[in-house]
Amino acid sequence: MGLVAGQTPRDAASDGPANDPSPQQWSLSINIAGYIVPRDRSYASPTFSADRGHFHFGSRYNYEDKETGSFWFGYNFELGEKVALKVTPMVGGVFGNTTGVAPGYLAGISWKQLELSTEGEFVFDTRNSGGSFFYSWTELSYSPRDWCRAGIVAQRTKAYHTSLDIQRGILIGFSHKKLGFTTYIFNAGWTDPTVVLSLGFNF
């Protein structure tokens, strides 16, 4: 949650690789994003991830589509210190209203107080090829303090629909220890705004 536009906001607890995990220790995170959608049903999208060394496991619900779940397996790569790069190629299985297989990725690069993160996947719908779709969520944020950040966000999703194929907006987030909360406002000034409230926890 927290990256690009499928729908997982990137918080203190995100679907990406955890910070500096020990090769022998599990790093777990859970994120719940509430979507307040104009003229449509609002909903919650929980995501969970578990990392141990290079190995990444994840699960999502209401992400690829409403009433749809997915499970993921990936491999974490990290490079650099002053400019830190993290990349996780993944493959997932999707089931529910949308059923299929999906290659995907998580990626992020950070330098000082700046961070660019992105995540995406292409779902090959095995029941209806016309339902295949590319999802993405991307964030660029600046952290003036360790406990707060602000920036811009863009997403492309199928879970709900607006007049914009690529939605764009702003974000502001706060964190305390292992808990993070971020508010996203999409499409203000273009159409009726969609608000996403994201709560994440690492443990």
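Anything mentioned here points back to the structure above.
If you're wondering where the values come from, they're calculated on a predicted model, not measured in any experiment.

Novice: Any chance you could break down the nonpolar core for me, citing the residues and the numbers?
Specialist: Within the largest apolar cluster, 12 residues are counted, these being Ala 33, Tyr 35, Val 37, Tyr 43, Trp 137, Val 153, Ala 159, Tyr 160, Leu 171, Tyr 184, Phe 186 and Val 196. Secondary structure elements with two or more residues in this core: strand 1 (26–36) and strand 12 (179–186). Counting residues in each nonpolar core, the second largest holds eight residues, with Val 94, Ala 102, Phe 133 and Tyr 135 among its members.

Novice: Could you give an account of unusual backbone geometry, naming the residues involved and the relevant values?
Specialist: Residues other than glycine predominantly adopt negative phi, and peptide bonds predominantly adopt the trans conformation. Of note, the phi angle at Glu 67 is positive, near 55°, even though the residue is not glycine. Looking at the element boundaries, Glu 67 is found in the loop between strand 3 (55–61) and strand 4 (68–75). In this structure, Lys 177 is a non-glycine residue whose phi angle is positive, near 55°. With respect to the helices and strands, the residue Lys 177 is situated in the loop between strand 11 (167–176) and strand 12. Under the relative-accessibility criterion, Lys 177 is labelled exposed at 77%.

Novice: Pulling in residues and values, what's your account of the pattern of salt bridges?
Specialist: What the rule picks out here adds up to seven salt bridges. Salt-bridge contacts for Asp 40 lead to Lys 66; the nearest nitrogen and oxygen are separated by 3.9 Å. Taken together, the positions of Asp 40 in the loop between strand 1 and strand 2 (43–52) and Lys 66 in the loop between strand 3 and strand 4 put the pair 26 residues apart, joining distant regions of the chain. A salt bridge links Arg 156 to Asp 165; its shortest N-O distance comes to 3.0 Å.

Novice: Would you mind going over the side chain of His 56 in detail, with residue names and values included?
Specialist: Tracing the sequence through the fold places His 56 in strand 3. Here Asp 51 takes part through its side chain, which lies 2.9 Å from a polar atom of the side chain of His 56.

Cut-offs used in this document
Residues numbered from 1 in each chain as written. Predicted model: local features only at pLDDT ≥ 70, side-chain atom pairs only at ≥ 80, totals over all residues. Heavy atoms only, no water. Core = buried A, V, L, I, M, F, W, Y, C linked by side-chain atoms within 4.5 Å. Buried < 20%, exposed > 50% of the residue type's maximum accessible area, 1.4 Å probe, protein only. Helix = DSSP H or I, 4+ residues; strand = E, 2+ residues; numbered from the N terminus. Salt bridge = Lys/Arg side-chain N within 4 Å of Asp/Glu carboxyl O. Polar contact = N/O pair within 3.5 Å; in protein donor to acceptor, adjacent residues only side chain to side chain.

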